[in-house]
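Close look at the chain arrangement
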Amino acid sequence: EAGVAQSPRYKIIEKRQSVAFWCNPISGHATLYWYQQILGQGPKLLIQFQNNGVVDDSQLPKDRFSAERLKGVDSTLKIQPAKLEDSAVYLCASSLHSGANVLTFGAGSRLTVL
Amino acid sequence: EDKVVQSPLSLVVHEGDTVTLNCSYEVTNFRSLLWYKQEKKAPTFLFMLTSSGIEKKSGRLSSILDKKELFSILNITATQTGDSAVYLCAVVDNNDMRFGAGTRLTVKP
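Residues numbered from 1 in each chain as written. Chains lettered and ligands numbered in written order. Predicted model: local features only at pLDDT ≥ 70, side-chain atom pairs only at ≥ 80, totals over all residues. Heavy atoms only, no water.

1. A look at the state of the cysteines
Keep this limit in mind: Throughout, disulfides are identified as pairs of cysteine sulfur atoms within 2.5 Å of each other. Strands are runs of DSSP state E lasting at least two residues, helices are runs of H or I lasting at least four, and both sets are numbered from the N terminus onward. Under the scheme applied here, a residue whose accessible area is under 20% of the maximum for its type counts as buried, over 50% as exposed, and between as partly exposed, the area being computed with a 1.4 Å probe on protein chains only.
Applying the stated criterion to the full structure yields two disulfides over all chains. At a sulfur-sulfur separation of 1.9 Å, the disulfide partner of Cys23 of chain A is Cys92 of chain A. Taking the sign of the S-S torsion, -70 degrees for the link of Cys23 of chain A and Cys92 of chain A, the bridge is left-handed. Linking Cys23 of chain A in strand 3 (residues 19-24) with Cys92 of chain A in strand 9 (residues 88-95), this pair joins segments that are 69 residues apart in sequence. Of the two residues, Cys23 of chain A and Cys92 of chain A, both sit in the buried class. Here Cys23 of chain B pairs with Cys89 of chain B through a disulfide, and the sulfurs are 1.9 Å apart. Its S-S torsion of approximately -65 degrees makes the covalent link between Cys23 of chain B and Cys89 of chain B left-handed. On the criterion of sequence distance, the pair formed by Cys23 of chain B in strand 3 (residues 19-26) and Cys89 of chain B in strand 9 (residues 85-93) is long-range, its members being 66 residues apart. Accessibility classification places Cys23 of chain B together with Cys89 of chain B in one group, the buried group.

As structure tokens, this is what we get:
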């Protein structure tokens, strides 16, 4: 079974620039999550999709962050404009459905904002 | 406010030692507690606990949940250098999964 794919693995940008991360979940997994993990902290949920609908985006900074999952499969997370404090690893995870507690994570996209 | 607190934040041991990692939580509607191991990349699933007092075991790792005292422990016996990682505890509250900050374990040869 192929895992959760993410790209790019690493990205360095200057503040006020924009960046986009892509995630392809495990085939058949209806629920997709984006987490932000700042160095030394645990992952923090940014947004949760069930198929192509948003279940929870209460912690997404909507003035600069956006995410979509138009066809209910892969997803894109965008940051525009980036701030220094956005430097983090962005983890994508998927599960069979929203009640399935075990998430499978991708390798993450490490963002450095200079 | 819902929270998940792990201790210690970091731990350095020598190969062969036994370690105990702690996770305490305060959530409104507890559903389950999960342990993940995170090396340099994606967190990988270790255990899911839903009932008190039932030990989950996998090789040298074991975990147990106390829903009355609101905590879980993760034990690793006969540690090896390959056990070096960050161990994350996560608690599911309704459909939300909330993570602790993790315990960074370093096992020296």
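2. Examining the packing of aromatic side chains
Applicable threshold: Stacked, tilted and edge-to-face are the three classes assigned to paired rings of Phe, Tyr and Trp, where Trp is represented by its six-membered ring and a pair needs centres within 6.5 Å; plane angles under 30 degrees give stacked, over 60 edge-to-face, the rest tilted.
Enumeration according to the criterion identifies ten aromatic pairs over all chains in this entry. Taking the centre distance of 6.1 Å and the plane angle of 70 degrees together, the rings of Phe105 of chain A and Phe99 of chain B count as edge-to-face. Of this pair, Phe105 of chain A sits in strand 10 (residues 104-105) while Phe99 of chain B sits in strand 10 (residues 96-99), on two different chains. Taken together, Tyr33, Tyr35 and Phe105 of chain A together with Tyr36, Phe45 and Phe99 of chain B form an aromatic cluster joined through their ring pairs.

3. Quick notes on the pairing of strand 5 (residues 44-50) of chain A
All names here are of chain A. Heads up, the rule is: Two strands are counted as paired when DSSP detects at least two bridges linking them.
With five of seven residues buried, strand 5 is to be regarded as a mostly interior element. One ladder, built from six bridges, connects strand 4 (residues 31-37) with strand 5; its direction is antiparallel. Across the sheet, residue Trp34 finds its bridge partner in strand 5, namely Ile47. Relative to strand 6 (residues 53-56), strand 5 runs antiparallel, the two sharing three bridges.

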